[in-house]
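Commentary on secondary and tertiary structure
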Amino acid sequence: MTTVVTENCQKCRFTDCVAVCPVECFHYDDDMLYIDPDVCIDCSACIPECPVQAIFEEDDLAEDQKKWIEINASRAPDLPVCSEPIDPLPGAEERKSELGF
Amino acid sequence: MSKPGSEGNPLKVAIVGSGPSGFYAAEALLKSELNTQIDMYERLPVPYGLVRSGVAPDHPKLKQAINVYAKIAESPAYRFFGNVTIGKDIQVDDLKKLYHSIIFTCGAESDRRLGIPGEDLRGSYTATEFVGWYNGHPDFRDRDFDLSHDTAIIFGQGNVAADVSRILAKTRDELKHTDIAEHALDALDKSNIKHIYVIGRRGPAQAKFTSKELKEFGELEDSDPILVGDELILNSESETELEDKSNAGNKKVYDLFQGFSQQNPSDNKQRRVYFTFLKSPVEILGEDCVESVKLEKNALSGDAFMQSAKGTGEYSEIKTGIVFRSIGYKGIAIPGVPFDEKRGIIPNAEGRVTDDNGSAVPGLYVAGWIKRGPSGIIGTNRADSVATVKALIDDLDLQNDSNDMPGEEAAINLLNNNNVNFVSFSDWKKIDDKEISRGEPKGKPREKYTYIQEMLDVLK
């Protein structure tokens, strides 16, 4: 079991999750965040923090979101660690309202 | 003279408590641009607070947070003083003379009381005692829980209540490869408890479990969850709460309850965990030990998200020999530090300790449960400690230049003068190695030492 960032994070990257991650398992690029499953301890602290509900426990993923398990696992280790909150991406607030949050 | 934190005048900070909030405060200081020296005080010879002695033994992945703390402790600017009780071995007034700042991260070590008759009868316990006992905390090593009855009752519906009931519901096989203390494994193996009631004051939409903890009750080897369908009927305010998109966690919990209610318990399983709602204990009854509890049925009143439970005057009784209350924690006052008895925390404004008039006490800070009360999980404390350290650093900017403080060397002299047998981080690593090797033959990640003397004997 692991915890996974999914497509709602794209173009948002709010990083509220990062502030409560006890183990610094988030990584980032110019698009979104990714969780390194080898570092994550599955505490789920990040899940309720996400303003666009982009983070799920693996078991709770909808069928069409399951691809994100592999994307997180393969992308995260090569990207820089996001150890503290950073500014959201430009347009993140608009994207948030588009997503209905 | 120069500013504390500058090249020639390291910012010397004492952190009191070595749980998550203590380590995250240390981390935030070490990550700052400042020149810092951190001395962390812990009353036990072993670090990590509730990650060691609170997190349930069957949740080993969560305990991996320890790896992060061990890494923080490797910093040359960090020092551990274990087996030192503040207020007994060394006073807060002493620390004030040794350090620029003190951060209290000593958690919430005591339990809230129900405030009902019979609460102190034999057989009525706090969740803290039981959790500390199965996790090998020296304070609770010699507690003797009478598990000879067939029914146990837990008051409270948060994750601690879930831990207590799950540990009672699990078999020896399910626990024997965890770091559960051996004395607890043996006692639980002889347990006769078959019926475990988990009782909430409010309704199923307000239960505080996380879905992850709750889900485990459907996956136990010898126990099934029981939920009677009409327990899940919601008033319109509760429906509104669950429809709210921001309340996805509670919705998931409610859906799990529904799943449990539709499931037939297996005849092959011996144990049952009953989830029941809208009931408050009004009395624990018994001659000289617990024999039953009297419950009052509640109704919710108030607006959505603000609903409170009020008694309806309708009563029921459950026969039981053992009761655990898990209705929240509170902190314990430290001599020489302001304390809010009602809230069970050190009064503070954004992490700055405040006195009776609400003014900040210079140099004193708080983080974690002793700052905000017992809420949230391990990671919640990271954000909390970062905020406190930010306040501490902001205050330095306003300060005039000040003298170097004596710090570590003077602390060691003082502890030696007071005949305190303090434990360093490298000492702890010796204890750690021994615990791990003790666990190996049993297939356990570690076998903890459960008496302070045993821990200290490793270092002789």
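On a predicted model such as this, the values are computed, not experimentally measured, just so you know.

What counts and how
- Residues numbered from 1 in each chain as written.
- Chains lettered and ligands numbered in written order.
- Predicted model: local features only at pLDDT ≥ 70, side-chain atom pairs only at ≥ 80, totals over all residues.
- Contact = placed C-beta atoms within 7 Å.
- Helix = DSSP H or I, 4+ residues; strand = E, 2+ residues; numbered from the N terminus.
- Nonpolar A, V, L, I, M, F, W, Y, C, P; charged D, E, K, R; others polar.
- Pairing = 2+ DSSP bridges.
- Axes fitted to C-alpha atoms, helices over the stretch in contact; angles between N-to-C directions.
- Buried ≥ 20, exposed ≤ 12 C-beta atoms within 10 Å, placed from the backbone.
- Domains from an automatic or database assignment.
- Parallel < 35°, antiparallel > 145°, perpendicular 65-115°, else oblique.
- Left-handed = near helix turned anticlockwise from the far one by under 90°.

1. Remarks on the interface of chain B and chain A
The interface of chain B with chain A comprises 17 residues on the first partner and 14 residues on the second. Counting residues per element, the ones that place at least two in the side of chain B that touches chain A are helix H3 (60–63), helix H4 (65–73), helix H12 (248–261) and helix H14 (380–398) of chain B. Counting residues per element, the side of chain B that touches chain A draws most heavily on H14 of chain B, at three residues. Of the residues assigned to the side of chain B that touches chain A, the class counts are eight nonpolar, five polar and four charged.

2. Observations concerning the sheet that holds strand E12 (residues 292–301) of chain B
All names here are of chain B. The strand order E11-E12-E13 describes an open sheet built from three strands, whose pairing is antiparallel. Each of the sheet's edge strands pairs with one partner strand only, and the pair in question is strand E11 (279–285) and strand E13 (308–319). Averaged over neighbouring strand pairs, the angle between their axes works out to 25 degrees when direction is ignored. Across nine bridges, E12 lies against E13 in antiparallel orientation. By the bridge assignment, Glu-296 is partnered in E13 with Tyr-315.

3. Section: the pairing of strand E7 (residues 151–155) of chain B
Residue and element names in this part refer to chain B. Burial of E7 is extensive: five of the five residues sit out of reach of the surface. Every second residue of E7 is oriented toward a common face, with Thr-151, Ile-153 and Phe-155 on one face and Ala-152 and Ile-154 on the other, all of them buried. Here E7 pairs with strand E8 (residues 195–199) via five bridges, running parallel. Bridged to Thr-151 within E8 is His-195. Both E7 and strand E14 (residues 322–325) contribute to a ladder of four bridges, which runs parallel. Looking across to E14, one finds that Ala-152 is bridged to Ile-322.

4. Regarding the environment of Gln-453 of chain B
Its place among the elements puts Gln-453 of chain B in helix H17 (residues 452–457). For Gln-453 of chain B, a count of 9 C-beta atoms within 10 Å puts it in the exposed group.

5. Thoughts on the domain arrangement of chain B
Residues and elements named next belong to chain B. Taken as a whole, chain B is organised into domain 1 (11–109 + 330–423) and domain 2 (113–326). Between domain 1 and domain 2, the C-alpha centre-to-centre distance is 33 Å. Taken residue by residue, the interface counts seven residues in domain 1 and 14 residues in domain 2. Partitioning the side of domain 1 that touches domain 2 into residue classes produces four nonpolar, two polar and one charged.

6. Here we look at the packing of helix H1 (residues 20–31) of chain B against H14 of chain B
All names here are of chain B. It is at 8 Å that the axes of H1 and H14 come closest, and there the two elements cross at 50 degrees. One finds that H1 runs oblique with respect to H14. Between H1 and H14 the crossing geometry is right-handed. From H1, Pro-20, Ser-21, Tyr-24, Ala-25, Ala-28 and Leu-29 reach across to H14, where they touch Asn-381, Arg-382, Asp-384, Ser-385, Val-386, Thr-388 and Val-389.

7. A closer look at the sheet that holds strand E2 (residues 36–41) of chain B
Within a sheet, each strand pairs with its neighbour through backbone hydrogen bonds, oriented either parallel or antiparallel. Residues and elements named next belong to chain B. Ordered in space as E3-E2-E1-E4-E18-E17-E16, the seven strands form an open sheet in which the pairing is mixed. Pairing within the sheet leaves two strands with one partner each, and these edge strands are strand E3 (78–81) and strand E16 (348–349). Of the pairings in the sheet, the one linking E16 to strand E17 (residues 352–354) comprises two bridges and is antiparallel in character. Directly across from Ala-349, in E17, lies its bridge partner Arg-352. Lying on the sheet, H1 is in contact with strand E1 (11–16), E2, E3 and strand E4 (101–104); it crosses E2 at an angle near 175 degrees.

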